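# Fold and contact review
Spelled out from the first residue to the last, the chains are:
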Amino acid sequence: MSLISPVILCGGSGTRLWPLSRKSYPKQFAQLTGDESLFQISARRLSGEGFAAPVILTGDPFRFIVTEQLAAIQRDPAAIVIEPEGRNTAPAVLAAALWLENQDPDRLMLVAPSDHVIPDTEAFHAAVAGALPRAEAGQLVLFGITPDRPETGYGYLELADTSGAAPHPLRGFVEKPDGDRAAEMLADGGFLWNAGLFLFSVRAILHAYRTHAPAMVEAVSAALSGATRDLGFVRLDPAAWAGVEDISIDYAIMEKASALEVMPLDAGWSDLGGWDAVWREMGPDGAGNVTSERATAIDCTDTLLRSETEGLEVVGIGLTDMVAVATRDAVLVAPKSQAQRVKEAVTALKAKSAQQATEFPRDHRPWGWFESLVVGDRFQVKRIHVHPGAALSLQSHHHRSEHWIVVQGTAKVTVDDEVRLVTENQSVYIPLGAVHRMENPGKVDMVLIEVQTGSYLGEDDIIRYEDVYARS
C-alpha cells in the first residue's frame, strides 16, 4: 500500500463561530467539541499505519500555535509551510504538492481542512483505503458526504453512476442550492455534499495544475524556490506569493479536470460552519438543549447555551431555538435559525473598531500567553503565563515601566546587567527604558502578574534586542 502524506490546511478565520473563533485564534485551534482542538483531532485522525508525517499549511500568526498543539499530542510534522497571506485552497494545495514532489513525486496526498469533525475515524480510514487504488492509478478522488438533510449551505457533487463499487465517476459540481433543489437532490440519492477532502498522487495533481493553471504553478514554484527556513518553518517568499491568484481548488482545478471520481463517506462529518452545526454535533438532550459546564437551561427547547469563561454562568429561561455563547469580553445571542448571520456581527463590530471583532483578551505567543485583567488611564494589569523552558524576548519600552509579581513557579529575570531568580510571592520592578527579559527555567508553568504604568501601553512599544523565536 502506498504511503499517504496528509496535507492539513489550517489558515482560515472561522468567523461564523464568533465570539469563540476570531481572526487572532480561529476555530481550528479551539476546543469546540472536547478536550482537544479541531486541529489536534484532525492530526490524530490523519495518522497511524499508512500515513506519513503531515504537511501543514498555515499563516504566520499561527505557526507557534500549530507547533505547540502538535507537541501536546506528540505529533511531528514533515513540514509547516507558512503562507505570507491567505490565497485560498488552490495555491495552498499546490505549494504542498511542489514541496512533496521534491521529496517523493509518487507520494499520495490526502488533503483535509483542519476544522472539520469526522467522529467515525474507522469509517473514514475505510473510505480512504477504498479510494486508494484509484488514486494510485492517477485519478483525482474527492470525498462526498452522504447527506442526511436538504442542506442549503453546502455545495454538492453529482454522481454520473452509482452502480458498482465506489469510487464513482463524477458528473459535475452543484453550487449551494435553494431549499427545494436541496430536497430534490436528497430524494434523488445521486448527490453528495462536497467536503473539501481529496486524495491523489503528487504526480497526478501537478499534471492537473500544469494543464489548467500554469501561471499559478510558475508563481507558487517561485514562492517555494525563494522560501526561507525559519526555526524549522518553510516560509514562502512573500513577493512571489503576492502574485498568486486567490482561488479555490474546486474552481481552479477540479471543475476543469476530467479524471475525477467520488468516494462516498458516511462517518458523521460536519464542517462546524455555524453554531447550529455545533448544537447538532454536540448531541442535544431530550429537550433539544446543549449546555456547557457553566450553563443552565430552564424550560428551554432546541437551544445552545455555552460559557467559555470560568466564573461566568449563562442561564436561559423559556428559550426556544436560541444560541447564547458568552466569552469574557463578548456575548452572542441569536435564534439558532439565524446562526449563519454571525459574520454580519463581525462586520458590524469591525465598522465600530471594536477589538472583539478580531482579537481575544488572551493573546497567544510562542512562549505562552497573556491576558489583560484591568485597563485604566495610564495603567494596565496583565496575567502572563510562560511555558517551561520558554523565554520572552530581550526588550525595552519607551513609554512604560513594569512591576512583575510571580504567583506560580520561578522566573529568571534579566534587568540591564542584573540576572536573578524570582520565586512565588516575590516581585521585581522594571524601570522605563531598562533592557529586560523573563524566562521560565523550571519544569512547570510560570505565572506572574504584570502591572504596567506609563503614557502609552500598546503592544507595539517593544524594542527587541534578542528573540529565540526570530520575531522582528
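Residues numbered from 1 in each chain as written. Predicted model: local features only at pLDDT ≥ 70, side-chain atom pairs only at ≥ 80, totals over all residues. Heavy atoms only, no water.

For the record, the criterion: UniProt positions are given in the numbering used here, feature names are shortened, and annotations may be inferred rather than shown by experiment.
The name an unreviewed UniProt entry gives the chain is mannose-1-phosphate guanylyltransferase, with Jannaschia pagri as the organism. Quoted verbatim from the Catalytic activity (unreviewed entry) field of the UniProt record, the comment on the chain reads "alpha-D-mannose 1-phosphate + GTP + H(+) = GDP-alpha-D-mannose + diphosphate".

### Remarks on the overall build of the chain
Here is the rule: The helix count covers DSSP runs of H or I at least four residues long, the strand count covers runs of E at least two residues long, and both are numbered beginning at the N terminus. With the radius of gyration taken over C-alpha atoms, the globule rule is written as 2.2 Å times the number of residues to the power 0.38. Residue burial is assigned from relative accessible area. The probe radius is 1.4 Å, only protein chains are included, and a residue is buried under 20% of its type maximum, exposed over 50%, and partly exposed in between. Any two residues whose heavy atoms approach within 4.5 Å at even a single point are treated as in contact. All accessibility values rest on the Shrake-Rupley procedure with a 1.4 Å probe; residue burial counts only the protein chains present in the view. Under this rule, positive means Lys or Arg and negative means Asp or Glu; His and the chain ends count for nothing. Working definition for charges: the position is that of NZ of Lys, CZ of Arg, CG of Asp or CD of Glu.
Of the regular secondary structure elements, the chain holds 11 helices and 28 strands. By the compact-globule yardstick of 23 Å for 472 residues, the chain fits well, its C-alpha radius of gyration being 24 Å. Seen along its three principal axes, the alpha-carbon backbone of the chain occupies a region of about 75 × 60 × 40 Å. Expressed as a percentage of the 472 residues in the chain, the buried residues total 51%. Pairs at least 24 apart in sequence give 68% of the contacts found in the chain among residues at least 6 apart. About 20700 Å² of surface is accessible on the chain, with carbon and sulfur atoms providing 49% of the total. The centroid of the 41 positive side-chain charges in the chain is displaced by 4 Å from the centroid of its 63 negative side-chain charges.

### Some points on the sheet that holds strand β16 (residues 322-326)
The test is simple: Here a strand pair is declared whenever DSSP counts at least two bridges between the two strands.
With respect to topology, four strands assemble into an open sheet ordered β12-β14-β16-β17, the strand pairing being mixed. The outermost strands of the open sheet, each flanked by one partner alone, are β12 (290-291) and β17 (331-335). As paired strands, β12 and strand β14 (residues 304-307) are joined by two bridges and run parallel to one another. Residue pairing for β14: Val290 is matched across the bridge by Leu304.

### Examining helix α2 (residues 63-72)
For α2, the set of buried residues is Arg63, Phe64, Ile65, Val66, Gln69 and Leu70. Residues of α2 that are buried make contact with α1 (38-45), β2 (55-59), β3 (79-83), β10 (233-235) and β18 (362-365). The first or second residue beyond α2 is Gln74, which carries a positive phi of 60 degrees.

### Observations regarding the pattern of salt bridges
Where we set the bar: The salt bridge definition used is simple: a Lys or Arg side-chain nitrogen within 4 Å of an Asp or Glu carboxyl oxygen.
Under the defined criterion, the tally for this structure stands at 27 salt bridges. Between Asp115 and Lys27 there is a salt bridge, with the nearest N and O atoms lying 3.6 Å from each other. Of the two residues, Asp115 is situated in the loop between β4 (108-113) and α4 (121-136) and Lys27 in the loop between β1 (4-9) and α1; the sequence distance between them amounts to 88 residues. Take Asp115: its relative accessible area is 16%, and that puts it in the buried class. Residue Glu371 pairs with Arg362 through a salt bridge whose shortest N-O separation is 3.7 Å. Accessibility expressed as a relative area gives 33% for Arg362, which makes it partly exposed. Connected through salt bridges with shared partners, the residues Asp60, Arg63, Asp230 and Arg235 form a single ionic network.

### Describing the nonpolar core
Generally speaking, soluble globular proteins have nonpolar side chains that are buried together. Going by this rule: In this description, a nonpolar core means a group of buried Ala, Val, Leu, Ile, Met, Phe, Trp, Tyr and Cys residues linked to one another through side-chain atoms lying within 4.5 Å.
Counting residues in each nonpolar core, the largest one holds 66 residues, and the members touching the most others are Leu110, Phe143 and Leu199. Here this core takes six residues from α4, the largest share from any one element. Excluding anything up to four places from it in sequence, Leu199 contacts Ile4, Leu108, Met109, Leu110, Val128, Ala131, Leu132, Ala135, Gln139, Leu140, Val141 and Phe143. Residues Leu140, Leu192, Phe198 and Ala213 belong to the second largest nonpolar core, which totals 52 residues.

### Considering the UniProt feature "domain: Mannose-6-phosphate isomerase type II C-terminal" (unreviewed entry) in the chain
In the numbering used here, UniProt assigns the "domain: Mannose-6-phosphate isomerase type II C-terminal" (unreviewed entry) feature to residues 359-467. Here residues 359-467 runs as 0% helix and 59% strand, with 24 Å between its end C-alpha atoms.

### Notes on the packing of helix α3 (residues 89-103) against helix α6 (residues 202-212)
Applicable threshold: Orientation is described by lines fitted to C-alpha atoms, with helices fitted over the stretch in contact, and by angles between N-to-C directions that extend from 0 to 180 degrees. Just so you know how the angles are binned, under 35 degrees is roughly parallel, over 145 roughly antiparallel, 65 to 115 roughly perpendicular, and the rest oblique. By definition, turning the near helix anticlockwise from the far helix through less than a right angle yields a left-handed crossing, and turning it clockwise yields a right-handed one. Residues are grouped as follows: Ala, Val, Leu, Ile, Met, Phe, Trp, Tyr, Cys and Pro are nonpolar; Asp, Glu, Lys and Arg are charged; all remaining types, including Gly, are polar.
Remark: α3 packs on α6, axes separated minimally by 10 Å, with the N-to-C direction vectors making an angle of 130 degrees. For the element pair α3 / α6, the angle class is oblique. The two elements α3 and α6 meet at a crossing, and its hand is left-handed. On α6, the residues that touch Thr89, Ala90, Val93, Leu94, Ala97, Leu98, Leu100 and Glu101 of α3 are Val202, Ile205, Leu206, Tyr209 and Arg210. Class assignment for the residues of the contact of α3 with α6 results in 10 nonpolar, one polar and two charged.

### Looking at empty space enclosed by the protein
Vacant regions in the atomic arrangement are exposed by a probe of water-molecule size rolled over the atoms. Short version of the rule: Using a grid of 1 Å spacing that covers the protein atoms alone, one calls a set of points a cavity when a 1.4 Å probe fits there but cannot get out, and a pocket when the set is open and has protein on both sides within 12 Å along at least five of seven lines; lining residues are those with an atom within 4 Å of a point. Grid points are joined across faces, edges and corners, and a volume is the space filled by probe spheres set on the points.
For the structure on display, the rule yields two cavities of 30 Å³ or more. In this structure, the largest cavity occupies an estimated 200 Å³ of space. Forming the boundary of the largest cavity are 21 residues, of which Trp367, Leu392, Gln395, Glu459 and Ile462 lie nearest the centre. Those elements that place two or more of their residues in the lining of the largest cavity are β20 (379-386), β22 (400-408), β26 (436-439) and β27 (446-454).

### Thoughts on the layout of surface pockets
Roughly 1300 Å³ of internal volume is contained in the second largest pocket. Elements that contribute at least two residues to the lining of the second largest pocket include exactly α2, β12, β14, β18, β19 (368-376) and β20. Taken together, the residues of the lining of the second largest pocket break down into 15 nonpolar, 15 polar and 12 charged.

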